[in-house]
Amino acid sequence: MIPTSGHAITYTTEYITSWASCDCSQNALSYTDDQIGKFHNKMSSYGHTRLRGYSNTTVWASDVVEDTWGGKDHWYSDDGDMYVFSGHGGVSTDGIGQFFSVPMCKRDNQTSCSATSRRMVFGERGGSFSTPSSGSLRYLMWLTCYSVHTAPDYQWIDTARYGLEYIMGYRGLSMDSFTTDEVGDDWAEEAIGASRTFKASWFYAIEDWWVDDTGSLVAPGVDSNTSVQRRDNLTKNWSRRPASERTTWMAWSWHVG
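Residues numbered from 1 in each chain as written. Predicted model: local features only at pLDDT ≥ 70, side-chain atom pairs only at ≥ 80, totals over all residues. Heavy atoms only, no water.

Engineer: I'd like to hear about the pairing of strand β9 (residues 214-221), residue by residue, with values.
Structural biologist: Burial analysis of β9 places eight of its eight residues in the buried class, which makes it a mostly covered element. Residues Thr214, Ser216, Val218 and Pro220 of β9 are buried on one face, and the alternating residues Gly215, Leu217, Ala219 and Gly221, pointing to the opposite face, are buried as well. Judged from the four bridges that link them, strand β8 (residues 166-170) and β9 form a sheet pairing that is antiparallel. Across the sheet, glycine 169 pairs through a bridge with serine 216, a residue of β9. (Buried < 20%, exposed > 50% of the residue type's maximum accessible area, 1.4 Å probe, protein only. Helix = DSSP H or I, 4+ residues; strand = E, 2+ residues; numbered from the N terminus. Pairing = 2+ DSSP bridges.)

Below you can see the structure in the form of structure tokens.
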């Protein structure tokens, strides 16, 4: 099947429903597998390719940690166009400001099984982190709580310094519910199937007749205008941002479902 976008989108998916036999202990979730399964089925129906799909005990913190810091993102997440994760998420503050944390199952070669946005650098085709392994990731979807929270510029500016173009997530809590398990599916239908903007598609996808989650998103740029234009207008047909473009600004928006 020929992809319905101007280019084939490759993606990796991961989810955790149970932290049994994990390095971390977390409350079990019920619908993360449905969220990822429906997203994958819709993307596949449009002719796009999943590079890998991991779940529960095969989801490791090193999957999303920058290889320069000893992670293995260049093998397990940063070698495709999109990475999607469904599970728990948290927010903390350090000397820089707010940052995102995500409890994976295994730590692998990391000191913790919780990966943080401070140790994630995606899509880097320029700058010091592109050596020895450059990245390819363009889009992130975090189906978790607090993933694009109240200060997403502090959360994500270093992650998106080079290459990464769009991050979708939640401001505050996101519900683990049978009425929200179609969020990824709905986004793919709108953004990939109907060629709507990522912003409109994400805000449509998080709408729910029962749950009032707050969907949030953030986009990088070399200045305010560039980041706002990308935040509001990016579609699947946009060209990849130049390797030399260095993020100095972030623009974000949120919408209550």
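There is more to say after this.
Engineer: Provide a residue-level description of the layout of surface pockets, including the pertinent values.
Structural biologist: One number sums up the size of the largest pocket: a volume of about 220 Å³. Every residue lining the largest pocket is counted, 17 residues in all, and those nearest its centre are Leu29, Cys145, Ser174, Met175 and Asp176. (1 Å grid on protein atoms, 1.4 Å probe; cavity = no way out; pocket = protein on both sides within 12 Å on 5 of 7 lines; lining within 4 Å. Points joined across faces, edges and corners; volume = space filled by probe spheres on them.)

Engineer: If you had to explain helix α1 (residues 32-45) to someone new, which residues and values would you point to?
Structural biologist: Relative to the 20 Å expected for 14 residues at 1.5 Å per residue, α1 spans 20 Å between its end C-alpha atoms, a close match to the ideal helical length. When α1 is considered as a whole, its buried residues turn out to be Thr32, Gln35, Ile36, Phe39, His40, Lys42 and Met43. Down the axis of α1, the buried side of the element spans an arc of 165°, and every buried residue falls inside it. Once α1 finishes, glycine 47 follows within two positions and takes phi at roughly 90°, a positive value. (Expected span 1.5 Å × (residues − 1). Arc of directions from axis to C-beta.)

Engineer: Please give an account of the pairing of strand β4 (residues 90-93) that cites residues and values.
Structural biologist: Bridge count between β4 and strand β5 (residues 98-103): four bridges; the pairing is antiparallel. Across the sheet, residue serine 92 finds its bridge partner in β5, namely phenylalanine 99. The turn joining β4 and β5, which pair antiparallel and follow one another in sequence, is formed by four residues; a positive phi near 145° is taken by glycine 97.

Engineer: Got a sec to walk through the state of the cysteines? Specific residues and values, please.
Structural biologist: Within the structure shown, the criterion is met by two disulfides. Here cysteine 22 connects covalently by a disulfide to cysteine 105, the sulfurs 2.0 Å from one another. Taking the sign of the torsion about the S-S bond as the criterion, the disulfide between cysteine 22 and cysteine 105, at about -100°, is left-handed. Placement of the pair is cysteine 22 in the loop between β1 (10-15) and α1 and cysteine 105 in the loop between β5 and β6 (114-116), with a sequence separation of 83 residues. Overall, cysteine 22 belongs to the buried group, its relative accessible area being 16%. Ordering the disulfide-forming cysteines of the chain by sequence position, one finds them joined as 1-3, 2-4. Free cysteine cysteine 145: the closest other cysteine sulfur is in cysteine 24, separated by 16 Å. (Disulfide = S-S within 2.5 Å.)

Engineer: A description of the pattern of salt bridges should follow, citing residues and the corresponding values.
Structural biologist: By the definition in use, this model includes 15 salt bridges. Taking the shortest distance from any N to any O, the salt bridge between lysine 38 and aspartate 181 comes out at 3.1 Å. With a gap of 143 residues between them, lysine 38 in helix α1 and aspartate 181 in the loop between β8 and α4 (183-193) connect regions that are remote in the sequence. The partly exposed category is assigned to lysine 38, whose relative accessible area is 32%. We note a salt bridge from arginine 161 to aspartate 158, for which the minimum N-O separation is 2.6 Å. Each of Lys42, Asp185 and Glu189 takes part in salt bridges that share partners, so that together they form one network. (Salt bridge = Lys/Arg side-chain N within 4 Å of Asp/Glu carboxyl O.)

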